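Structural description and commentary
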Amino acid sequence: MFKKYKSAELVKPGGLDLKDRLVGVQRVTKVTKGGRAFGFSAIVVVGDEAGVVGQGLGKSKDVASAIAKAVEDAKKNLVRIPIIKGTLPHEQKGKYGGARVNIIPAAPGTGVIAGGAVRTVLEAVGVHDVLSKSQGSSNPHNVVKATFDALLQLRDANAIARDRGITLEQVFNA
């Protein structure tokens, strides 16, 4: 899922204190000749609240095992996100399907100003001060993926200097 991002650093779950947050559970129905078959799909975000986060989807006939499968899936998709003093390095827009998310760094003391699925992801990452706007689709699956799209495009000053082959001072004093 994260192959198209240059700065995406995959993380192994071993040794991390991960907290899982449930974004949503949907009841899904399959109509068969014998009637309706009900199942559940759960989307979960796991994070250590220190820059590592992952998201996963689980499907099952009952809610508990759908959530358990989602948590296992999320632990397989962990990535490191750059956080500077409890906020983001810069403003970023993310897109997935019909969902568009805009995340903006904020001054200390602002808090997490975000709704629904975006808030869950940002809290799991460990961002304390951020502004966000979610536009378009409010489908939690697409909003979570759009938020991840925005977060994975974030780069800190060290990464920019390394990519350009210049020193950290030259990034700020070009």
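Under an unreviewed UniProt entry, the name given to the chain is Small ribosomal subunit protein uS5, and the source organism is Algibacter amylolyticus. Taken verbatim from the UniProt record of the chain, the Sequence similarities (unreviewed entry) comment is "Belongs to the universal ribosomal protein uS5 family."

Our focus in this paragraph is the pairing of strand E7 (residues 99-105). Here strand E6 (residues 92-96) runs beside E7; their pairing, made up of five bridges, is antiparallel. Bridging across to E7, Lys95 finds its partner in Arg100. A loop of two residues connects E6 with E7, the two strands running antiparallel in sequence, and Gly97 in this loop sits at a positive phi of about 60°. Across seven bridges, the pairing between E7 and strand E9 (residues 130-136) is antiparallel. Across the sheet, the residue bridging to Val101 is Ser134, located in E9.

As summarised here, the arrangement of the five strands in space is E1-E5-E4-E3-E2, forming an open sheet in which the pairing is antiparallel. The open sheet has two edge strands with one neighbour each: strand E1 (9-10) and strand E2 (19-32). Note that strand E4 (residues 52-60) and strand E5 (residues 79-80) share two bridges and pair antiparallel. Its bridge partner lying in E5, Val52 is registered against Arg80. Packing against the sheet, helix H3 (residues 140-152) makes contact with E2, strand E3 (35-47), E4 and E5, and its axis sits at approximately 155° to E4.

What follows covers the packing of helix H2 (residues 116-125) against H3. Helix-helix packing is characterised by the crossing angle of the two axes and by the distance between the axes. The interhelical angle for the contact between H2 and H3, taken along N-to-C directions, is 45°, at an axis separation of 8 Å. Comparing the axis directions of H2 and H3 gives the class oblique. In this structure, H2 meets H3 at a crossing whose hand is right-handed. In this structure, H2 uses Ala117, Val118, Val121, Leu122 and Val125 to contact H3, whose residues at the interface are Pro140, Val143, Val144, Thr147, Phe148 and Leu151. Along the lines of polarity and charge, the residues of the contact of H2 with H3 split into ten nonpolar, one polar and no charged.

Here we take up unusual backbone geometry. Unusually for a residue other than glycine, Glu49 sits at a positive phi of about 60°. Mapped onto the elements of the fold, Glu49 is located in the loop between E3 and E4. Positive phi values are uncommon outside glycine, yet Lys85 reaches one of about 50°. Mapping Lys85 onto the fold places it in the loop between E5 and E6. By relative accessible area, Lys85 is classed as exposed at 80%.

Judged by nonpolar contacts, the single largest core of 27 residues is most densely connected at Val53, Ile81, Ile103, Leu122 and Leu151. Counting only elements with at least two residues in this core, the list comes to E3, E7, H2 and H3. By residue number, the principal contributor to this core is H3, which donates seven residues. Residue assignment places this core across two domains, with domain 1 (7-77) and domain 2 (82-171) each supplying three or more. With sequence-adjacent residues up to four places away left out, Ile81 is seen in contact with Gly51, Val53, Val125, Leu151, Leu152 and Leu154.

Basis of the calculations
Positions within a chain are numbered from 1, following the residues in the order the chain's sequence is written. Whole-chain, interface and lining totals are the exception, using all residues; otherwise, since this is a predicted model, local features are given only for residues with pLDDT of at least 70 and side-chain atom pairs are given and counted only at 80 or more. Working from all heavy atoms in the structure, the side-chain values ignore hydrogens and water. UniProt positions are given in the numbering used here, feature names are shortened, and annotations may be inferred rather than shown by experiment. One bridge is not enough; two strands pair if DSSP finds at least two bridges between them. Here a helix means four or more residues in a row that DSSP labels H or I, a strand means two or more in a row labelled E, and each is numbered from the N terminus. Whether two residues are in contact is decided by their heavy atoms, any of which lying within 4.5 Å being enough. Whenever a helix is involved, its axis is fitted only over the stretch in contact; in every case the axis is a line through C-alpha atoms, and angles between N-to-C directions fall within 0 to 180 degrees. Should an angle fall under 35 degrees it is called roughly parallel, over 145 degrees roughly antiparallel, and 65 to 115 degrees roughly perpendicular, with every other angle called oblique. Should the near helix be turned anticlockwise from the far one by less than a right angle, the crossing is left-handed, and should it be turned clockwise, the crossing is right-handed. The residue classification treats Ala, Val, Leu, Ile, Met, Phe, Trp, Tyr, Cys and Pro as nonpolar and Asp, Glu, Lys and Arg as charged. All others, Gly included, are polar. Classification of residues uses two cut-offs on accessible area relative to the type maximum, computed with a 1.4 Å probe and protein chains only: under 20% is buried, over 50% is exposed, and between them is partly exposed. By nonpolar core is meant a set of buried Ala, Val, Leu, Ile, Met, Phe, Trp, Tyr and Cys residues that side-chain atoms within 4.5 Å join together. For the domain bounds, the source is a domain assignment made automatically or taken from a database.

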